[in-house]
Amino acid sequence: MLGLPGKGVASTSMDVFQALVSLVTCLHYCTLHKVVCLQVRVERTNVEVQHGEAVLLPCSFVTTAVPSRLNIIWTTTPLSEPSSPSQVIVYDQGQAIESPTLTGRVRFVSAPLSADILLNMTRLSDAGKYRCVVSNPPESGSPGIAELSLTVLAPPSSPHCFVSGNMDEGGSISLTCFVEYGVPVPDLNWSKIKPDKIFLPVNMEDSLRGTVQIFNVSSQTSGLYQCTVSNRLGTEICSVELIIHSTPHGTSGILQSIFVTLTMALILLTLLALVLWLHRSGYDRTNRSGQREEEEPCYNEIRYRSNLLRRSFV
Ligand SMILES: *[C@@H]1O[C@H](CO)[C@@H](O)[C@H](O)[C@H]1NC(C)=O
Ligand SMILES: *[C@@H]1O[C@H](CO)[C@@H](O)[C@H](O)[C@H]1NC(C)=O
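Residues numbered from 1 in each chain as written. Chains lettered and ligands numbered in written order. Predicted model: local features only at pLDDT ≥ 70, side-chain atom pairs only at ≥ 80, totals over all residues. Heavy atoms only, no water.

Asks: An account of the overall build of the protein is needed here, citing residue identities and associated values.
Replies: Along the backbone of the protein there are three helices and 21 strands. The buried share among the 314 residues of the protein stands at 32%. Counting only contacts in the protein whose residues sit at least 6 apart along the sequence, the fraction spanning at least 24 positions is 59%. Within the structure as shown, the protein displays about 20000 Å² of accessible surface, and the carbon and sulfur contribution to it stands at 60%. (Helix = DSSP H or I, 4+ residues; strand = E, 2+ residues; numbered from the N terminus. Buried < 20%, exposed > 50% of the residue type's maximum accessible area, 1.4 Å probe, protein only. Contact = heavy atoms within 4.5 Å. Areas by Shrake-Rupley, 256 points an atom, 1.4 Å probe, with all protein chains shown as cover.)

Asks: Which residues make up the environment of Ser 207, and what values go with them?
Replies: With respect to the element layout, Ser 207 can be found in the loop between strand S18 (203-206) and strand S19 (209-214). When the C-alpha atoms of Ser 207 and Asp 187 are compared, they prove to be 8.6 Å apart, with 20 residues separating the residues in sequence. Setting aside chain neighbours within four positions, we find Ser 207 in contact with Val 185 and Pro 186.

Asks: Can you break down unusual backbone geometry residue by residue, with the values?
Replies: A cis amide bond links Pro 137 with the next residue in sequence, Pro 138, at an omega value of 10°. On the secondary structure map, Pro 138 appears in the loop between strand S11 (128-135) and strand S12 (140-141). For the bond running from Lys 194 to Pro 195, omega is 0°, close enough to zero to count as cis. The residue Gln 93 is not glycine, and still its phi comes out positive at about 50°. Mapped onto the elements of the fold, Gln 93 is located in the loop between strand S7 (86-92) and strand S8 (95-98). Of the residues examined, Gln 93 reaches a relative accessible area of 67% and is grouped as exposed. Positioned with a positive phi, Asn 216 is a non-glycine residue whose angle comes to about 50°. Counting through the fold element by element, Asn 216 comes out in the loop between S19 and strand S20 (223-231).

Asks: Any chance you could break down the sheet that holds S7 for me, citing the residues and the numbers?
Replies: If you trace the six strands from one edge of the open sheet to the other, you get S3-S13-S11-S6-S7-S8, paired in mixed fashion. Taken across any chain shown, the strands that pair with only one partner, and hence form the sheet edges, are strand S3 (46-50) and S8. The sheet shows a mean angle of 20° between the axes of neighbouring strands, direction not considered. Direction of pairing for strand S6 (residues 71-78) relative to S7: antiparallel, over a ladder of six bridges. (Pairing = 2+ DSSP bridges. Axes fitted to C-alpha atoms, helices over the stretch in contact; angles between N-to-C directions.)

Asks: Hey, could you go over the state of the cysteines for me, with residue numbers and the actual values?
Replies: Tallying each qualifying case throughout the model produces three disulfides. The side chain of Cys 59 participates in a disulfide bridge whose partner is Cys 132; the two sulfur atoms lie 1.9 Å from each other. Disulfide Cys 59-Cys 132: the torsion about the S-S bond is -60°, which places it as left-handed. Here Cys 59 is found in the loop between strand S4 (54-57) and strand S5 (60-62), whereas its partner Cys 132 is found in strand S11, with 73 residues between them in sequence. The buried category is assigned to Cys 132, whose relative accessible area is 0%. (Disulfide = S-S within 2.5 Å.)

Asks: Explain the pattern of salt bridges to me, using residue names and the numbers behind them.
Replies: Opposite charge on two side chains makes pairing possible when the charged atoms of those side chains draw close. Evaluated as defined, the whole model comprises four salt bridges. In this structure, Glu 147 engages Arg 131 in a salt bridge whose closest nitrogen and oxygen atoms are separated by 3.0 Å. Residue Glu 147 is located in strand S13 (residues 145-153), and its partner Arg 131 is located in strand S11; the two are separated by 16 residues in the primary sequence. (Salt bridge = Lys/Arg side-chain N within 4 Å of Asp/Glu carboxyl O.)

Asks: Talk me through the side chain of Thr 76; I want residue IDs and the actual numbers.
Replies: With respect to the helices and strands, Thr 76 occurs in strand S6. The class for Thr 76 is buried, based on a relative accessible area of 8%. In terms of polar contacts, Thr 76 uses its side chain to reach the backbone carbonyl oxygen of Lys 129, at 3.1 Å. Not counting residues up to four positions away in its chain, the partners in contact with Thr 76 are Ser 84, Pro 85, Ser 86, Val 88, Lys 129 and Tyr 130. (Polar contact = N/O pair within 3.5 Å; in protein donor to acceptor, adjacent residues only side chain to side chain.)

Asks: Report on the pairing of S20, specifying residues and quantitative values.
Replies: For S20, the buried fraction is high: eight of the nine residues fall into the buried class. Looking at chain direction, strand S16 (residues 187-194) and S20 are connected through seven bridges and run antiparallel. Looking at the pairing, Trp 190 lines up with Cys 227 of S20. Here S20 runs beside strand S21 (residues 234-242); their pairing, made up of nine bridges, is antiparallel. Pairing of Gln 226 across the sheet is with Ser 239, part of S21. Here S20 hands over to S21 after two residues, the two strands then running antiparallel side by side.

Asks: Pulling in residues and values, what's your account of the nonpolar core?
Replies: In this structure, Leu 57, Ile 72, Trp 74, Val 134 and Leu 150 are the most contacted members of the largest nonpolar core, which totals 29 residues. If you look at the next biggest cluster of nonpolar residues, it comprises 19 residues, including Ile 173, Val 179, Trp 190 and Cys 227. (Core = buried A, V, L, I, M, F, W, Y, C linked by side-chain atoms within 4.5 Å.)

Asks: Any chance you could break down the sheet that holds strand S17 (residues 198-200) for me, citing the residues and the numbers?
Replies: Strand order in this open sheet of four strands is S17-S16-S20-S21, and the pairing throughout is antiparallel. At either end of the open sheet lies a strand with only one pairing partner, and these are S17 and S21. Strand-to-strand, the axes of this sheet are offset by a mean angle of 25°, without reference to chain direction.

Take a look at the structure:
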């Protein structure tokens, strides 16, 4: 897609009309002062393009001299680095020289007829002021400079949602939503979407970060919360699930169950000890009587003897 700077037939004819008026004015001025002059202008001072697409940066000039020594210089002052203007592309002696940082992304569309350039595969960092300087010696510019600003539009990036604070009952928490980029700056909204739908008041920490404060949380605070970031190019969401446990009751419940478990363990241990003791004394008694039975000598001796007898017979 090519972001052409057309605004409809009416404005185009207005542009042509203005260009003609300028030319006439210029020629009049030039004739009056007996100098040759060149005029540069842009049809639009604000150009928009969607991130990644190609855009035409318009710059036209009117000259009466042969463009044999035509010189065009495009420079940019990026929004991200306002203090360091840099060169974009130069046209000199019939040759175009693009800046090494833009190789393959920028070219003149119809030089030497116009100074229009095409910037392809636009990046967010391309946004900024662009200046087109044209000279065609021996003509002097009147003015020889035109400026426009480029906006690179982008849908919001995927936002990040997170929770901080005290999630215990009665505590305070904050829900934070952060989006890295989006042009125009995305609108940011927080809402609870489950089990009930509630829009929440957002406190913007900066243009890309919004928080929601929830005080004195209870089990009713639990649910699914969603952050929506949107601009005219798109919408993105992230969500967090809050589960608030009823902690005060929970603590006493845990203590209670620990107490009950300990008591039961104690009772069981007592019972076990009792059973062991009873078993042991019972065993002792039967053991003692068993020993007494074994102490009867007759059976063993008789058996032993009979065995011996049997063996001697064999
Ligand atoms: C932009 O660059 C891509 C990849 O090099 C190319 O396919 C496309 O035709 C270019 N667009 C324009 C308008 O030149
Ligand atoms: C916190 O909420 C509970 C009920 O959810 C309420 O009884 C209590 O008064 C609240 N405390 C404060 C400080 O607002």
